[in-house]
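Letter by letter, the chains look like this.
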Amino acid sequence: MAAETMDTMELPDLIPERERQVLRKGDAQTAAVVDMECNKASVAGSVSQRACVFCGSRVVLYPISDAIHLVHGPIGCAAYTWDIRGALSSGPQLHRNSFSTDLREMDVIYGGEKKLEAALMELIAKHRPNAAFVYSTCIVGIIGDDVDAVCRRVSRATGIPVLPVNSEGFKGTKRDGYRAACDALFNLVGTEPTEGLGPYSINILGDFNLAGETWIIKEYLRKIGIDVVACMTGDARIQDIGRAHGAKLNLVQCSGSMIYLAQNMQKRYGIPFKRVSFFGIEDMAAALYETAQFFGAPELMDRARELVRGEIDGIMPELKRYREKLAGKKAAVYVGGAFKAFSLVRALRLLGMQTAVVGSQTGDKDDYRHLQEISDPGTIIVDDSNPLELARFCMEKNVDLFIGGVKERPIAYKMGIGFCDHNHERKEPLAGFVGMLNFAKEVYGSVCSPVWKLTPRCAERYVQRKEAVS
Amino acid sequence: MLDATPSTHSAREALRINPAKTCQPIGAMYAALGIHGCMPHSHGSQGCCAYHRSHLTRHHKEPVMATTSSFTEGASVFGGLANMTQALNNIFTIYNPEIVAVHTTCLSEVIGDDIPMMIRKAYDEKIIPEGKVVIHANTPSFVGSHITGFAGMVTSMVKHLPSRAGEKHGKVNIIPGFVDPSDMRELKRLAREMGVPAVMFPDTSDVLDLPQTGKYVMYPHGGVTLADMKTVSHSLGTIALGGFTSTPAALELESQYGVPATLLELPIGLGTTDLFIDALHKVGGVPVADSVAWERGRLLDVMTDMHQYFYGKRVAVAGDPDHVISLVQMLLELEMRPVYVITGSSAPRFEARVQQLLEGRVPEAVVKQNADLFDMHQWIKEAPVDLIVGNSYCKHIGRAENIPTVRFGFPILDRMGHRLFPTVGYMGAMRLIEKMLDAMLDKKDRECPEEFFELVQ
């Protein structure tokens, strides 16, 4: 066994159909950027880490805290998405409940429309929400419930927007779920008056206020002099979304989920959008500068510069200490959206770390081209991966850190690799400048934890190093 | 989060709020993981599989392997045969399991996929390699709950895996019910202490409670082996723990192969564990081991030492039917008052059994099957309790009403003990007693006036 790679023999090979979804970046001379296969349904029989259309819609709309989120279907879909996302609300906590029509056999036979209507009427009477979202699950699409008609009726009867979300699980991939959520949001945009909005007003799209991240970004913008009309959907309220068309600019982060809404808002309301990321110092600073520049007011730019300088000065000393400890360590990144992966590659580089494996569940061709451009030679780039592949790549590259979500965490730990949750279960805000510091802290806390010294993997490396020295 | 819960209970017909159950397939997936070398396969959209794996991972903090047929719109129109065939082909080619355990989803059930036909075809076309096995359970999400799905897959195991050939041997089958790997490990330990050679199925110990080895293993060393499953038809008898989860499989074994079934409730608490030990003694033909008798004695000692703190305490219990039925008996042994007792599953027998247990002892008790945590919260608002025992979702109620909450059952998403320490057997009862007492005394220590704050309890 070579010192720098672990034994990969015990794990099976790639599924042949997936060969074009995995790429190893060549060295600098031969590194032609190529198109990867992506955005296709997972191969039947693979252990995919991906979810479905419903999941995509549910994660995007979930943080809207003054709305009812009613899952129309059997109980599972509501049960598995109940309060699992740390999308914080500064006000109502209604979104954290689990509401379901709990469809049973008789409903499947005779249809679930009556039950849906009764459930909606009861919920709205009880909670007086500002809107209701109705998520269609797989079988609703098959048994043919006219969810749109029920939503229209209930909306008329109650006077609040009742929005159908066409999120039948099998009708595409998670990206299609984002799109269905964007459709629902787009129906809300433009329903409220826009009087009183300041000259420098923007929307944030694709930030979900995980661990309070939206609050950090909003505070930066406020200091610069920019108002946020609506954040979709972190800590969002229905009324704010209704006024979102009054903003001058849409900042789109997490491109996968919200770009479609941004495009639609541009078409209908002429609001331009910029793709940004709030992760890492460089991307966060760039997002603020671009926003300030957009309005062309020098005082905004001055304040942005001042803010960025102050924030960076504030975190740099501590960040450097972490960098010293982390320099030269290797990371594997497997996240939902590719845009996040770009930021993570850069953020890890800032910590002196190398990204040896990088992949996403929902990246498109352009995303993967960009990933190839920013990755180091030898980096493995992968679309829609599965645990075995990921384990294999981690062992091959002998990484020290895995960045992923709930299903990847125990795999990393089993192999003796540190882990950072950059998904729904993050406990600390990772966005913004303070987020970069939190990220460094979390990465350091895991990668350099003494527990790994006790694990067989490190024991082996220790022995190898000793042998190499002698 | 629960601000809007009204303080009086009202009946609902169409709406489920904060469920105390989930859907069938996850139970089938969990049961399948208890077979050595098994790949659970979800025949439906890929979201189902991802959700079940995530949910099981959150509970067990372990990697959970399962494959999916990845239904698309085409499959939902033309049927899932092509997906199933491709899936089985890929699974055996790439992941090389000993056995694939297929379960359905609401989608594949509604479109009417004929799973036995698909599997037969895969055997005929040699997609399933020689010596490999595929079993299945129908688990429509709109019928029953995760408990039904678990029972269905366990029944499928005894329908498909035992062999008629072979001779009687001296082993005893134990069907553990939908319990944690730590519980299964404990049940096997008790059998070992008693000197009873046992085959447990399913058995997720050493599958979902793995040691840190520095390696990620696709098929861990635990789980009932196919070789052992082949011979469960010739065991001395079957001890089935849990009427809802284990009885159907035990009766199937009895009717098909004449293996006598001993049907018990889950051994949670002293009395139900006594019955389990008694069954090991009778079916295994062995005397009760001294070590087990001493264990029982230690439990009894704890109960007598601490009974003053439990007497008369009002408890709300939510969970799966088998768990709750046994827990209620344990609470009664401690002279506690289980005043609200619910399960999310549709289980009329549950109500009858719990009412029978509470009759004459806790006349004010409300017992309800097919209930949810919103029901329970409203009742607690009407008349509060001293303790809540249930899964992690109960913590919302505990916080809203400032009531100590002990995690018990499935899922537990926010604590770790269940992975390591059992709730079954005498040891499990000791642990539950400790947890309940700690929770109640911690609250008292935190909140009572200084002059009543006691060092010695």
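A brief look at the structure comes next. Fair warning: this is a prediction, and the values are worked out from it, not measured in the lab.

## Details of unusual backbone geometry
All names here are of chain B. A cis amide bond links Phe201 with the next residue in sequence, Pro202, at an omega value of -10 degrees. Omega for the bond connecting Phe410 with Pro411 falls within 30 degrees of zero, at -5 degrees, which places this linkage in the cis form. Backbone geometry at Asn370 places phi at a positive 55 degrees, although glycine is not the residue there. Among the structural elements, Asn370 can be located in the loop between β12 (366–368) and α15 (373–382). A relative accessible area of 30% places Asn370 in the partly exposed class.

## Topic: the sheet that holds strand β6 (residues 172–175) of chain B
Residue and element names in this part refer to chain B. Sheet architecture is open: four strands sit in the order β7-β6-β8-β9, paired in parallel fashion. Sheet topology places β7 (198–200) and β9 (261–264) at the edges, where each strand pairs with a single neighbour. Adjacent strand axes in the sheet meet at a mean angle of 20 degrees when their direction is disregarded. Against the sheet, helix α8 (residues 181–194) engages β6, β7 and β8 (237–241), with an angle of about 170 degrees to β7. Of the strands in this sheet, β6, β8 and β9 touch helix α11 (residues 270–284), which is tilted by about 170 degrees from β8.

## Digging into the pairing of β6 of chain B
Residues and elements named next belong to chain B. Of the two faces of β6, the one carrying Val172 and Ile174 and the one carrying Asn173 and Ile175 are both buried. Bridge count between β6 and β7: three bridges; the pairing is parallel. Bridge pairing in β7 links Val172 to Ala198. Regarding the hand of the β-α-β motif, the stretch spanning β6, α8 and β7 is right-handed.

## A closer look at the environment of Arg58 of chain A
All names here are of chain A. Along the chain, Arg58 turns up in helix α1 (residues 53–61). Since its relative accessible area comes to 3%, Arg58 is described here as buried. Dropping the residues within four chain positions of it, Arg58 is found in contact with His69, Val71, Thr81 and Tyr135. Polar side-chain contacts of Arg58 include one of 2.9 Å to the side chain of Thr81.

What counts, and where the lines are drawn
- Sequence order as written defines the numbering, with residues in each chain counted from 1.
- Numbering of ligands from 1 and lettering of chains from A proceed in the order in which they are written.
- Only residues with pLDDT of 70 or above have their local features reported here, since the model is predicted, and side-chain atom pairs are shown and tallied only from 80 upward, although totals for entire chains, interfaces and linings are computed over all residues.
- Hydrogens and waters are ignored; side-chain quantities use all the structure's heavy atoms.
- Counting from the N terminus, the helices are the DSSP runs of H or I reaching at least four residues and the strands are the DSSP runs of E reaching at least two.
- Only protein chains enter the accessibility calculation, which uses a 1.4 Å probe; a residue whose area is less than 20% of its type maximum is buried, one above 50% is exposed, and one in between is partly exposed.
- A pair of strands is considered paired only if DSSP assigns at least 2 bridges between the two.
- In this analysis an axis means a line fitted to C-alpha atoms, helices contributing only their contacting stretch, and an angle means the value between N-to-C directions, from 0 to 180 degrees.
- By the convention used here, residues are in contact when the closest approach between their heavy atoms is within 4.5 Å.
- The crossover handedness rule: strands pointing away from the viewer, path from first strand over the helix to second strand clockwise, crossover right-handed.
- Pairs of N or O atoms are called polar contacts if they sit within 3.5 Å, as long as, within protein, a hydrogen donor faces a hydrogen acceptor (for residues adjacent in sequence, only side-chain-to-side-chain pairs).

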